[in-house]
Amino acid sequence: MRKFVIALAATSALALGACQSPAADKVEDQAEAQADAIDDQADAMPEGPAKEAMEKKADVVEEQGEEKANAMDDNGEIAPSETGVGDTQPPAEAKK
């Protein structure tokens, strides 16, 4: 599911012609690499609450990187907090 959301977000960003400064791209890329490393660790773990916590941590790291990059330079890049879409965003019902 996480990879589907990432692919969807990436496709949407490309469709909107979003572009960031190189510095913001670097911040986002570093967060994504860190999240991928955490996700790889989670993949090696047995099923259970610890694995789910690691996966959640990876999602949080990635979305925080997107938020930080967006705060650095808001040049059309759409952060999860702006769309309400993302694994760490509150469900739509909670926003009512």
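Structure: above.
In this report, the structure presented in the accompanying data block is examined. As the structure is a prediction and not an experimental result, all values here were calculated from the model.

## Thoughts on the overall build of the protein
Now for step 1: Looking only at helices and strands, the protein features four helices and zero strands.
Now for step 2: The order of helices and strands in the protein, counted from the N terminus, is α-α-α-α.
Now for step 3: Split into buried and exposed, the 96 residues of the protein put 29% on the buried side.
Now for step 4: Once local pairs closer than 6 in sequence are excluded, the contacts in the protein between residues at least 24 apart make up 62%.
Now for step 5: Per element, the accessible surface of the protein, about 6200 Å² overall, is 58% carbon and sulfur.

## Points about the environment of Ala69
Now for step 1: As for its placement among the helices and strands, Ala69 is situated in helix H3 (residues 49-72).
Now for step 2: For Ala69, a relative accessible area of 0% corresponds to the buried category.
Now for step 3: As for Ala69 and Pro22, which are separated by 47 residues in sequence, their C-alpha atoms are 9.9 Å apart.

## A closer look at the pattern of salt bridges
Now for step 1: Throughout the structure, instances matching the rule amount to one salt bridge.
Now for step 2: One salt bridge connects Glu47 with Lys51, and the closest N-O pair in it is separated by 3.0 Å.
Now for step 3: For Lys51, a relative accessible area of 9% translates into the label buried.

## With respect to the packing of helix H2 (residues 22-43) against H3
When two helices pack together, their arrangement is given by the angle between the helix axes and the distance between those axes.
Now for step 1: Closest axis-to-axis distance for the H2/H3 pair is 8 Å, and the angle between their directions is 180 degrees. Taken together, the axes of H2 and H3 lie roughly antiparallel to each other.

Thresholds, definitions, all that
Residues numbered from 1 in each chain as written. Predicted model: local features only at pLDDT ≥ 70, side-chain atom pairs only at ≥ 80, totals over all residues. Heavy atoms only, no water. Helix = DSSP H or I, 4+ residues; strand = E, 2+ residues; numbered from the N terminus. Buried < 20%, exposed > 50% of the residue type's maximum accessible area, 1.4 Å probe, protein only. Contact = heavy atoms within 4.5 Å. Areas by Shrake-Rupley, 256 points an atom, 1.4 Å probe, with all protein chains shown as cover. Salt bridge = Lys/Arg side-chain N within 4 Å of Asp/Glu carboxyl O. Axes fitted to C-alpha atoms, helices over the stretch in contact; angles between N-to-C directions. Parallel < 35°, antiparallel > 145°, perpendicular 65-115°, else oblique.

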